[in-house]
Amino acid sequence: MKKGCLWACLFSIATCCLAVANDDWPLLGRASRAGRDLPLDGVYLHQMNGTLETFRLTRVHDRDGVLERRLALDGIPREIIRKNSLFTCYAPNKKLLIDARVNVMRLFPALISDRLDNVAQSYTLSRLHSDRVAERSCRWLELKAKDKRRYSLRICVDSTTALPLKTMTLTPQGDIVEQYIFTEINLTHPVNQAELKPKYKFSSPLKIAVPGPAQNHMASRVEVAGLPTGFYLLRALERSLKPGRADGVQHMVFSDGVAFLSIFVEPVGLAMSTARVLNLNGAINMASAARGEQLITLVGDMPKPALAALVKSIHVVMKP
Amino acid sequence: MSNTVHRRKWGFSRCPKMREKISQLIDSELDEKETAKLLSLLDTEASLKEAWSDYHLIGDALRANRMLHVDVRSAVSVRVYQSPTVVATPYYPSPLRSLRTWGRYALAASVCFIVMTQWQPLTESLRASLQNDQVAKPTLHAVSDRDNVYFFAHQEMAADQNLLPVMPGQRAPS
C-alpha cells in the first residue's frame, strides 16, 4: 500500500514537471512571434564589447503588413526601416550607412527563430525566476546549450504578451557577451504613422539573397561534415564577395534554430590564407583556415574557441 | 634767596620756581605764552632737560604705583591650591615605538616618492588616451574591410531567418 502511494506521488510529480516543461516551448514560440510582430513603441539598450547604445523601436501594423523604425538615440546617427521583410538603412551621409547596416545583424527583440522544432536537439529549455523589466513583470527562460560549442540564451518574456523584454547571450563559462534590455515600452497606445518616417536623407536597402534554382542546385551538390549536432542547411549560393567581380565563392548558411553559421569556401588564391580567429561584432565571431587548395571561413554567433576548432575539423565536399 | 641768586648758583634745575613751572608744563597747566618760553629754555638749558626727565620719571613711577593697590596674589594662590593635581607617568618613548614611528614616516615617504615618480607618466598616458578618444573616429565595427565582406555577406543571409526568405526544400530536420 505504502509503495503504491509512493509511486503515485512520484508519477504525479513527474507529470507536473513534464507539463511545465511542455508549456515552456509554446511560450518560447509565442516570444518569437511577439518579438517579430507585436506593435510597440519602446526604448532599449544594447550592450556588447564594452559599448552601450540606445535605440528607439516603433512598430505598427498597417494594411500592407508590419512597419517598423529603429532609430539610434546616441552615438552615430542612423536608423533602420523595416517593411515586412525588407530593410532599408538611413543615415545623414553615405559613410555612416555602413554603421547602420551593422545594426541589422541582430534585430532585438526578434532574436529567436520560430522554427523551434530542432532547437531541442542542441538546447535545453528551462523556466527560471520571475523578474521585472521596464516596469513590467516577466519570466526568465533559459535556452542552455547542450555542448560548449555554442552560446546559451536567456530571455525574460513579458507575462502578458510574451514579448522578450530582456535577453542575454552567455558563453559556456557563463559570461555575458551581449545583452538587450527595454528601458521603457508602450504596448497599449497607438503610434502615429508619421513617427515611422525616416529622418535621414541617405539610404541603402539591405541586399537579400533571394533563393532561386541556382541555390537549389548548389545545395544539392554540397556536403559538409563535422558540424555540431542540430545544424541544418538554411541557404546555399555561389556569390562574389566583391562588387563587380565573379569570384565564385561558395556561401552556405546553417542554423541550429538559435545560432547562425556561414561557411565560405573559396580558392586559396582569392584571399589571404593565414589562419585567423577574431571577433566581428558582439557575439559574432569569425575563423578562417586553409584546407588544401580551399580557404574556409566561418562566421557566426558561436564562441571564438568553438569556431577556431571547427574551422580545423570541418570537411566541405563539393560534388561535381 | 631770590630766583636770580638760585639761577646763578645752582642753575635753572635747582630754582624752585623753575621746577614748579616744569611741573606745571608736564601737567599742562601753563598758558601758551609761558609754555613756548619754557620749551625754548628747555632746548638751551641742559639742567632743565634733566629736571624735565626727572619729573617724567617720577610721574611714571607714581602712575605705576597707583596700579599696585590691586593685590591679586592671595586670590591666585587660592585658585592654584584648589585646582586638581594631575599625576601622570612621564612619557619615555620605547625603542620599538620609535621604530614604528620611523617606519610610518618611511612608508609615507615611499608613497610620496612613488606618487611623484608615477604621477607624471600616468597623467601623460591619461592625456594621450583622452586625446586618442577625442580624435578617434566613432565606429561600431572595428574590423578591416577585408573581414567586412564576410560579415556583411553573413548578415545578408542570416540577419533574421524569420524575416528573410527561406530556400525552398530546406527544412529543419525533425
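Please read all numbers here as calculations on a predicted model, not as lab measurements. (Residues numbered from 1 in each chain as written. Chains lettered and ligands numbered in written order. Predicted model: local features only at pLDDT ≥ 70, side-chain atom pairs only at ≥ 80, totals over all residues. Heavy atoms only, no water.)

A.B. asks: Give a description of the overall build of chain A that names residues and reports values.
C.D. replies: Along the backbone of chain A there are 5 helices and 19 strands. Burial status across chain A gives 52% buried among its 320 residues. Once local pairs closer than 6 in sequence are excluded, the contacts in chain A between residues at least 24 apart make up 52%. Surface summary for chain A: the accessible area is close to 14,800 Å², and the carbon and sulfur share equals 57%. (Helix = DSSP H or I, 4+ residues; strand = E, 2+ residues; numbered from the N terminus. Buried < 20%, exposed > 50% of the residue type's maximum accessible area, 1.4 Å probe, protein only. Contact = heavy atoms within 4.5 Å. Areas by Shrake-Rupley, 256 points an atom, 1.4 Å probe, with all protein chains shown as cover.)

A.B. asks: Hey, could you go over the sheet that holds strand β15 (residues 260-267) of chain A for me, with residue numbers and the actual values?
C.D. replies: Strand pairing in a sheet relies on backbone hydrogen bonds. The paired strands run either parallel or antiparallel. All names here are of chain A. Here 6 strands make up an open sheet; going across it, the order is β13-β14-β15-β18-β17-β16 and the pairing antiparallel. Every interior strand has two partners, whereas the edge strands, β13 (232-239) and β16 (276-281), have only one. Sheet twist, expressed as the average angle between the axes of neighbouring strands with direction ignored, equals 20°. In terms of strand pairing, strand β17 (residues 284-291) meets strand β18 (residues 294-300) through 7 bridges, oriented antiparallel. Within β18, the residue paired with M286 across the bridge is V299. On the sheet, helix α5 (residues 304-313) packs against β15, β16, β17 and β18 and is oriented at approximately 20° with respect to β17. (Pairing = 2+ DSSP bridges. Axes fitted to C-alpha atoms, helices over the stretch in contact; angles between N-to-C directions.)

A.B. asks: How would you explain the packing of aromatic side chains if you had to name every residue and give the values?
C.D. replies: With the rule as written, the count across this model stands at 8 aromatic pairs over all chains. On the numbers, 6.1 Å between centres and 55° between planes, the contact of Y44(A) with Y180(A) is tilted. Of this pair, Y44(A) sits in strand β1 (residues 40-48) while Y180(A) sits in strand β10 (residues 176-186), and the two are 136 residues apart along the sequence. The same class applies to Y44(A) and to Y180(A), which are both buried. Aromatic pair F264(A) and Y150(B): ring centres 5.2 Å apart, planes at 75°, arrangement edge-to-face. (Phe/Tyr/Trp six-rings, centres within 6.5 Å; stacked < 30°, edge-to-face > 60°.)

A.B. asks: Outline the side chain of R150(A), supporting the account with residue identities and numerical values.
C.D. replies: Residues and elements named next belong to chain A. Considering the arrangement of structural elements, one finds R150 in the loop between β7 (136-145) and β8 (152-158). Looking at R150, its side chain comes within polar contact range of the side chain of D147, at 2.9 Å. A distance of 3.0 Å separates the side chain of R150 from the side chain of D256, its partner in a polar contact. Setting aside anything within four residues of it in sequence, one finds R150 in contact with S122, Y123, A145, P172, P228, T229, F231, D256 and P303. (Polar contact = N/O pair within 3.5 Å; in protein donor to acceptor, adjacent residues only side chain to side chain.)

A.B. asks: How would you summarise unusual backbone geometry if you had to cite specific residues and measurements?
C.D. replies: All names here are of chain A. A cis amide bond, omega 5°, links F108 with the succeeding residue P109. For P109, the position within the fold is in the loop between α2 (97-102) and α3 (119-122). The residue A134 is not glycine, and still its phi comes out positive at about 50°. The topology assignment puts A134 in the loop between β6 (123-133) and β7. Phi is positive for A162, close to 70°, though the residue is something other than glycine. Along the chain, A162 turns up in the loop between β8 and β9 (164-170). By relative accessible area, A162 is classed as buried at 0%.

A.B. asks: Which residues make up the packing of helix α2 (residues 16-26) of chain B against helix α3 (residues 32-44) of chain B, and what are the values?
C.D. replies: Residue and element names in this part refer to chain B. α3 packs onto α2 with a crossing angle of 115° between their chain directions and a minimal axis gap of 11 Å. It follows that α2 is roughly perpendicular to α3 by the angle criterion. Seen from above, α2 lies across α3 with left-handed handedness. Facing α2, whose interface residues are M18, K21, I22 and L25, α3 presents E34, T35, L38, L39, L41 and L42. Among the residues making up the contact of α2 with α3, the classes are represented as 7 nonpolar, 1 polar and 2 charged. (Parallel < 35°, antiparallel > 145°, perpendicular 65-115°, else oblique. Left-handed = near helix turned anticlockwise from the far one by under 90°. Nonpolar A, V, L, I, M, F, W, Y, C, P; charged D, E, K, R; others polar.)

A.B. asks: Tell me about the environment of D158(A), and please be specific about residues and values.
C.D. replies: All names here are of chain A. Looking at where D158 falls in the secondary structure, it is placed in strand β8. Relative accessible area serves as the criterion here: at 3%, D158 is assigned to the buried category. Each C-alpha atom, one on D158 and one on S137, is 6.2 Å from the other, the two residues being 21 residues apart in sequence. Not counting the four nearest positions on each side in its chain, D158 is found in contact with R136, S137, C138, L163, L165 and L187. Within polar-contact distance, the side chain of D158 engages the side chain of T161 at 2.8 Å.

A.B. asks: Which residues make up the confidence of the model for chain B, and what values go with them?
C.D. replies: The predicted coordinates ought not to be read in detail in places where the model reports low pLDDT. Residue and element names in this part refer to chain B. Per-residue confidence for chain B gives a mean pLDDT of 66; residues scoring 70 or more make up 48%. Least confident of the elements in chain B is helix α1 (residues 3-10), whose mean pLDDT is 51; most confident is α3, at 85. Every residue in residues 128-139 is under pLDDT 50, and counting partners more than four places away or in other chains gives 3 contacts. Residue range residues 165-174 is modelled with pLDDT below 50. Its contacts to residues more than four positions away, or to other chains, number 28 contacts. Confidence metrics for the complex model read pTM 0.63 and ipTM 0.79. (pLDDT = per-residue confidence, 0-100.)

A.B. asks: I'd like a description of α2(B), backed by residues and values.
C.D. replies: Spacing of three or four residues puts side chains on the same side of an α-helix, whose turn is 3.6 residues. All names here are of chain B. What α2 keeps buried is the set M18, I22 and L25. For α2, the arc enclosing every buried residue in end-on projection is 60°, short of the 170-degree limit, so these residues lie on one face. The first or second residue beyond α2 is S28, which carries a positive phi of 60°. (Arc of directions from axis to C-beta.)

A.B. asks: Before we move on, could you go through the confidence of the model for chain A and cite the residues and values that matter?
C.D. replies: All names here are of chain A. On average, residues of chain A score 83 in pLDDT, and 86% of them are at 70 or above. Mean pLDDT in chain A bottoms out at helix α4 (residues 213-220), which sits at 63, and peaks at β8, which reaches 96. In the predicted structure, residues 15-20 sits below a pLDDT of 50 and forms 1 contact with residues beyond four places in sequence or in another chain.

A.B. asks: If you had to explain the pairing of β18(A) to someone new, which residues and values would you point to?
C.D. replies: Looking down a regular strand, the side chains alternate between one sheet face and the other. All names here are of chain A. Along β18, 6 of the 7 residues are buried, which leaves the element largely enclosed by surrounding structure. Here β15 runs beside β18; their pairing, made up of 7 bridges, is antiparallel. In the sheet register, P267 faces β18, and the bridge partner there is Q294. Between the end of β17 and the start of β18, which pair antiparallel, lie 2 residues, with G292 showing a positive phi angle near 65°.

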